[in-house]
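Inside the fold
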Amino acid sequence: MSAETDVRPARPFLSPAKVRLWFDRLLVFVLSVGAWYVVANTILDPFWISSPELVAERLWRITLNGDLWWHSSATVWQALLGLALGLVVGFGFGLLLARYPRLAEALDPYIMGLYSLPRIALAPLFILWFGIGLLSKVMMAFSFVVFIFLLNTMQGLKEVDRDHIDLMRSMRASPAFIARRVQLPAMLPWLFAAARISVGLALIGSVLGELLGANRGLGWYVEHASGRLDTTGVFAGLTALMIIAVLMNQAVNLLERWLTPAK
Amino acid sequence: MERATSAPQTPGESPAACAPPRVKVVGVSKTFPTPDGGVARVIENVDLTLAEGEFLSIVGPSGCGKSTMLRLISGLTPVSEGRIVVAGREVTEPPPGVGFMFQRDTLLPWATVSENISIALELNGTPPAARPARIAELLKLLGLERYADYRPSAISGGMRQRAALGRLLAYGPELYLMDEPFGALDAMTKMILGRELLRIWSQDAKSVVFVTHDIEEAVGLSDRVIVMEGPPGRIKSEYRIDLPRPRDFRAVRLLPEFRDLCERIWGDIGRHSEAE
């Protein structure tokens, strides 16, 4: 195919729309941090809400002394393990339930019941069962994300185009071939949707586990700071969490773009 | 053009007229359970035979069971009563050498035109090394060379249906089952694709069962047209189409015999509707 017959427009690395989007995002950042700065320096004592310059200074300091890495790596690692476990178990269990609809219908109310349990109420049990080490935080993150993967796997499998499957069956494709070439690619968007929701939830689970018993992690850092009425420390920990969540979400987006070609 | 009088079920250089039938449908009925616990009879006691190399169309009002008939022959849906034999083997699952084409293109949306065609080659056991040449050949045959690397969403409905036809041809079936393959296309595209189908078919003379609600399309393409009525789906009447071959899908419509056949078939379906 020659270049001139190709009518698809080339995608420039920085299109005007993209530049504008980043400008808008920057604007939101500047305005909100600016408002925080003004309030913290006029009507409210930084004791209550700290202030942007204090938080920035704290983040810089804990970056240099290694505290930030020490705490955030623990939180992220627990969240990632919980995510991976949730993906494997949720996906596997989802496939199983899709294969046996009768089992799925029998379990449906129980799954929904478990799904709506407040995890914070489970936390003491998790500590009892899994200790106050890594495992209890991983399981906490897992308990948040497993249902998302389970439900999206079942729904995604249900939404696969029947005609695509029939077409492959008419050409005598084996069930394994259909699973690999039709069902899995069709489900990828559902799995990525689940992953995008789960990134935030896994971090929440990881931090929640740390709040209840730990000696490390951003959750522990925030808890520890608030115990000493160190508002700046609380805000620094929360800011770090937000940045990590955004970065992890971006990683999922990149992975999605890499694995699923544009439609 | 002069009128051909020879037996129409052996068009082109199709071999022996005494060859066993490609498809034999004997006393087939199909029932489906309805949501309210009852039973819906969709096909009632249908007999039909498709000769080797024959082009058969099934027409009828929507809901008469013609698409179901095609799914039964393809083995995608099991029969409730009776039996279907394709190439000498009773159908219990999709038989080998049968290609299905739907009204919707059913191209995989995440795969390019080439990749979609390639899947059929993979499934019929074409070695990987031989696939690119075969794909290129089919793309050329169907005028799709420019669109090889496009995804279905980036090309028109007509191009998508061409690609679906390419996938069918790539699979290399002996029997084509086509369920209103041009039904969703505009009149002009429909004419062009019908003409290409006829051109391709006249070269390889495979057996075809073509379901459509377009009577002129059916008469223009076929050796024989079956009119179905229903539900429950039954064969109402059958027309032998002795129009000359090779046919020009457009020019053939100017023949008085063509008009006459269409009118008779229309009359058949019309009477059916009045009887309701």
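For clarity, every value in this text was computed on a predicted model and none was experimentally measured.

1. Regarding the overall build of chain B
Secondary structure summary: chain B contains seven helices and ten strands in total. The globule rule puts the C-alpha radius of gyration for 276 residues at 19 Å, and the 19 Å found for chain B is close to it. Taken along its principal axes, the extent of the C-alpha atoms in chain B is 55 × 55 × 40 Å. Counting the 276 residues in chain B, one finds 53% classified as buried. Considering only contacts in chain B between residues 6 or more positions apart, those separated by 24 or more positions represent 72%. Total accessible area on chain B is roughly 11900 Å²; 53% of this is exposed by carbon and sulfur atoms. Considering chain B, the positive charge centre built from 33 side chains and the negative charge centre built from 36 side chains are found 2 Å apart.

2. Observations regarding the confidence of the model for chain A
Caution applies to low-pLDDT parts of the model: their predicted coordinates are not meant to be read in detail. Per-residue confidence for chain A averages 90 on the pLDDT scale, and 94% of its residues sit at or above 70. When the criterion is pLDDT under 50, residues 1–6 of chain A qualifies, and its contacts beyond four places in sequence or with other chains add up to five contacts.

3. A few points about a nonpolar patch on the surface
All names here are of chain A. Together, Leu85, Leu87, Val88, Val89, Phe93, Leu96, Tyr100 and Leu103 make up a nonpolar patch on the protein surface, roughly 650 Å² of accessible area in all. Its place among the elements puts Leu85 in helix α4 (residues 67–99). Judged by its relative accessible area of 34%, Leu85 is partly exposed.

4. Here we look at the nonpolar core
Grouped together as the largest cluster of nonpolar side chains are 81 residues, with contacts concentrated most on Met168 of chain A together with Val25, Ile73, Leu165, Leu175 and Met178 of chain B. Considering every element that reaches this core, the biggest residue donor is helix α4 (residues 157–171) of chain B, with eight residues. When sequence neighbours within four positions are dropped, the list of residues in contact with Met168 of chain A reads Ala173, Phe177, Ile178 and Val182 of chain A together with Leu108, Ile119 and Leu123 of chain B. In this structure, Phe144, Val145, Val146 and Leu188 of chain A belong to the second largest nonpolar core, which totals 41 residues.

5. Quick look at the confidence of the model for chain B
Residues and elements named next belong to chain B. When the pLDDT values of chain B are averaged, the result is 84; 91% of them are 70 or greater. Confidence scores differ between elements of chain B, with helix α7 (residues 256–275) showing the lowest mean pLDDT of 74 and helix α2 (residues 113–123) the highest of 93. A low-confidence stretch, residues 1–17 stays under pLDDT 50, and its non-local contacts, those more than four residues away or across chains, total 27 contacts.

6. Side note on the packing of aromatic side chains
Going through the model one piece at a time under the given rule, you end up with eleven aromatic pairs over all chains. Seen in terms of ring centroids, Tyr115 of chain A and Phe147 of chain A are 5.6 Å apart; in terms of plane orientation they differ by 50 degrees. Their pairing is tilted. Note that Tyr115 of chain A is positioned in helix α5 (residues 101–115) and Phe147 of chain A in helix α7 (residues 134–158), a separation of 32 residues in sequence. Taken together, the ring pairs in this structure connect Phe55, Phe182, Trp201 and Phe210 of chain B into an aromatic cluster. Taking NZ or CZ as reference, Arg25 of chain A lies 5.0 Å from the ring centre of Trp22 of chain A, over its face.

7. Remarks on the interface of chain B and chain A
On the chain A side, the residues contacting the 27 residues of chain B number 24 residues. Between chain B and chain A, the buried area comes to about 2600 Å², and carbon and sulfur atoms account for 60% of it. By the criterion of area lost to chain A, the three top residues of chain B are Trp110, Leu123 and Tyr150 of chain B, representing 24% of everything that side buries. Counting across the interface, chain B meets chain A through five salt bridges. Note that Arg172 of chain A and Glu93 of chain B form a salt bridge whose closest N and O atoms lie 3.7 Å from each other. For the pair chain B and chain A, the interface holds eight residue pairs in polar contact (both at pLDDT 80 or more).

8. Some words on the UniProt feature "transmembrane region" (unreviewed entry) in chain A
Residues and elements named next belong to chain A. Within this structure's numbering, the places UniProt gives as "transmembrane region" (unreviewed entry) are residues 21–39, 76–98, 110–132, 138–157, 190–214 and 234–255. From the first C-alpha to the last, residues 21–39 spans 27 Å; its make-up is 100% helix and 0% strand. The span residues 138–157 is 100% helix and 0% strand, and its two end C-alpha atoms sit 27 Å from each other.

Criteria and thresholds
- Residues numbered from 1 in each chain as written.
- Chains lettered and ligands numbered in written order.
- Predicted model: local features only at pLDDT ≥ 70, side-chain atom pairs only at ≥ 80, totals over all residues.
- Heavy atoms only, no water.
- Helix = DSSP H or I, 4+ residues; strand = E, 2+ residues; numbered from the N terminus.
- Rg over C-alpha atoms; globule rule 2.2 N^0.38 Å.
- Buried < 20%, exposed > 50% of the residue type's maximum accessible area, 1.4 Å probe, protein only.
- Contact = heavy atoms within 4.5 Å.
- Areas by Shrake-Rupley, 256 points an atom, 1.4 Å probe, with all protein chains shown as cover.
- Lys, Arg positive; Asp, Glu negative; His and termini not counted.
- Charge placed at Lys NZ, Arg CZ, Asp CG, Glu CD.
- pLDDT = per-residue confidence, 0-100.
- Patch = residues over 30% accessible without salt bridge, like charges linked within 9 Å, V, L, I, M, F, W, Y side chains within 5 Å.
- Salt bridge = Lys/Arg side-chain N within 4 Å of Asp/Glu carboxyl O.
- Core = buried A, V, L, I, M, F, W, Y, C linked by side-chain atoms within 4.5 Å.
- Phe/Tyr/Trp six-rings, centres within 6.5 Å; stacked < 30°, edge-to-face > 60°.
- Lys NZ or Arg CZ within 6 Å of the ring centre and 35° of its normal.
- Buried area = accessible area lost by both parts, 1.4 Å probe.
- Polar contact = N/O pair within 3.5 Å; in protein donor to acceptor, adjacent residues only side chain to side chain.
- UniProt positions renumbered as here; feature names shortened; annotations may be inferred.

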